[in-house]
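Summary of the model geometry
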Amino acid sequence: MRIYVSVDMEGLAGVGHAHQTHYGPTVDRADYDRSRALMAGEANAAIEAAFERGAREVVVNDSHWQMRNLRAEDLHEGARLLIGDKPLSMTQGVGDGPDGAFDGAAFIGYHAGAGNPTGVISHTYSSATVMEVRVNGVVHNEASLNAIRLGHFGVPVMLVAGDDALAAEIETVLPWAERVIVKRGLGYSLTDSLSPHDAAAAIRNGMGRAIERMGEMELHQPSLPLRGEMDVRLPVMADFAAVLPGVERIGPRTIGFEAPDGDSFYRLFVCLMRLAGVPAL
Ligand SMILES: [Zn+2]
């Protein structure tokens, strides 16, 4: 059994404010560095439970911000770490030949989609750019967008960990996945969180249940061709995204696109999301 673990930061226990998830000229680095340790703690809980339940290989994709948050030295022995610039972002490593074939995936530290009223740091890939993404008319968050590419390669999402707002979204769009709630969202920048110790225990238990229920897991494969719509923050962002041939401008701040399969859909989505982020504002 080979397990893929994609780890984000905003949905970790103990993280309640965006300033804990990055640093910069106006944001101190100390809180971010502590969040990196929290990230390793929850990732390790998933890795340990997978190995205990018979996984032969666990590949961890550092899926947050610049995608080099996890310190390799903090990671449970036996796991492999994808760290660096990721053309395929939060799904890097899936589908690249035999090494990209996995029996299941766990999403740790994930968060609710853009606009969720109570989800902690709710956003969809870029809070500066993306206001909402729909696939075949259904609103998608990061977990379900990533699940589309994983579904194309036959990899079911088995477990999603984050706050209660994320769990409610997952119940609708990936209902088979085991849901682990490590905190309650009380607003965009406020949470009532478990301790890291209790969050790790919940993830270990959840991973155990997910592996026991492996036969019930399904692939997220919406009907083809996939029709995507992305609302962006400003019209100039739609101007830039709509430059790509085949992309349609369907509103002042909305672009539409179509893809023949889940891999192409995700690739097109990350291109458009990145293009929309180009204008200097
Ligand atoms: Zn993130």
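Residues numbered from 1 in each chain as written. Predicted model: local features only at pLDDT ≥ 70, side-chain atom pairs only at ≥ 80, totals over all residues. Heavy atoms only, no water.

All right, on to the packing of aromatic side chains then. Enumeration over the complete set of coordinates arrives at nine aromatic pairs. Note on F107 and Y110: the rings are 4.6 Å apart at their centroids and 5° apart in plane angle, and the pair reads as stacked. Of the two residues, F107 and Y110, both sit in the buried class. When the ring of F257 is compared with that of F265, the centres are 5.3 Å apart and the planes differ by 25°; the resulting orientation is stacked. Judged by relative accessible area, F265 falls into the buried class, the value being 0%. Linked through ring pairs, Y23, Y32 and W65 together constitute an aromatic cluster. Between R2 and the ring centre of F102, over which it is positioned, the NZ or CZ distance is 4.5 Å. Taking NZ or CZ as reference, R29 lies 4.4 Å from the ring centre of Y23, over its face. (Phe/Tyr/Trp six-rings, centres within 6.5 Å; stacked < 30°, edge-to-face > 60°. Buried < 20%, exposed > 50% of the residue type's maximum accessible area, 1.4 Å probe, protein only. Lys NZ or Arg CZ within 6 Å of the ring centre and 35° of its normal.)

Let us look at the pattern of salt bridges. Pairing is possible between side chains of opposite charge, provided their charged atoms come close. Under the criterion given, the structure shown has 23 salt bridges. Among the ionic pairs, R134 bridges to E229, the shortest N-O distance being 3.0 Å. Within this pair, whereas R134 is found in strand β5 (residues 130-135), its partner E229 is found in strand β10 (residues 226-232), the two being separated by 95 residues in sequence. For E229, a relative accessible area of 23% puts it in the partly exposed group. Across the salt bridge formed by R213 and E216, the nearest N and O atoms sit 2.9 Å from each other. Looking at E216, the relative accessible area reads 47%, which means it is partly exposed. (Salt bridge = Lys/Arg side-chain N within 4 Å of Asp/Glu carboxyl O. Helix = DSSP H or I, 4+ residues; strand = E, 2+ residues; numbered from the N terminus.)

Time to look at the coordination of the zinc ion. The protein atoms that coordinate the zinc ion are D8 (OD), E10 (OE), E10 (OE) and H64 (ND1), at distances spanning 1.9 to 2.6 Å. As a motif over one chain, the donors of the zinc ion read D-x1-E-x53-H. Highlighted residues: D8 in the loop between β1 (2-7) and α1 (30-52) and H64 in the loop between β2 (57-62) and β3 (80-82), separated in sequence by 56 residues. The class of D8 is buried, set by a relative accessible area of 2%. The exposure class assigned to H64 is buried, which follows from its relative accessible area of 3%. (Donors = N, O, S within 2.8 Å, 3.2 Å for Na, K, Ca; no water.)

Turning next to the nonpolar core. For soluble globular proteins, the rule of thumb is that nonpolar side chains tend to be buried together. With 85 residues, the main nonpolar core has V5, V60, L174, M230, F265 and F269 as its most contacted residues. Here the element with the most residues in this core is α1; it accounts for nine residues. Three or more residues apiece are contributed to this core by two domains, here domain 1 (2-128 + 141-216) and domain 2 (226-276). Setting aside its immediate chain neighbours within four residues, F265 contacts V135, L145, I148, L226, R227, G228, F257 and A259. (Core = buried A, V, L, I, M, F, W, Y, C linked by side-chain atoms within 4.5 Å. Domains from an automatic or database assignment. Contact = heavy atoms within 4.5 Å.)

Moving on: the domain arrangement of the protein. Each domain of the protein was delimited in the assignment, giving domain 1 (2-128 + 141-216) and domain 2 (226-276). Here domain 1 and domain 2 have C-alpha centroids that lie 25 Å from each other. Listed per partner, the contact involves 14 residues of domain 1 and 13 residues of domain 2. Carbon and sulfur atoms supply 66% of the area buried between domain 1 and domain 2, which totals about 1100 Å² over both sides. (Buried area = accessible area lost by both parts, 1.4 Å probe.)

The step from L224 to P225 runs through a cis peptide bond, and the omega angle for that step is -5°. You will see that M67, though not glycine, has its phi angle at about 65°, which is positive. Within the secondary structure layout, M67 lies in the loop between β2 and β3. For M67, a relative accessible area of 8% translates into the label buried. Positive phi outside glycine occurs at N136, with the angle close to 50°. Overall, the relative accessible area of 30% leaves N136 in the partly exposed class.

Let us look at the sheet that holds strand β6 (residues 138-139). If you trace the five strands from one edge of the open sheet to the other, you get β6-β5-β10-β12-β11, paired in antiparallel fashion. At either margin of the open sheet sits one strand with a lone partner, and together these are β6 and β11 (248-251). Pairing geometry for β11 and strand β12 (residues 254-259), over three bridges, is antiparallel. What sits directly across from E248, in β12, is G256. Its contacts with the sheet put helix α6 (residues 262-276) on β5, β10 and β12, and the angle it makes with β10 is roughly 15°. (Pairing = 2+ DSSP bridges. Axes fitted to C-alpha atoms, helices over the stretch in contact; angles between N-to-C directions.)

The next point concerns the environment of E48. You can see E48 is positioned in helix α1. Assessed through its relative accessible area of 23%, E48 is described here as partly exposed. It is 37 Å that separates the C-alpha atoms of E48 and G228, two residues lying 180 residues apart in sequence. Those residues in contact with E48 that sit more than four places away from it in its chain are H76 and R204.

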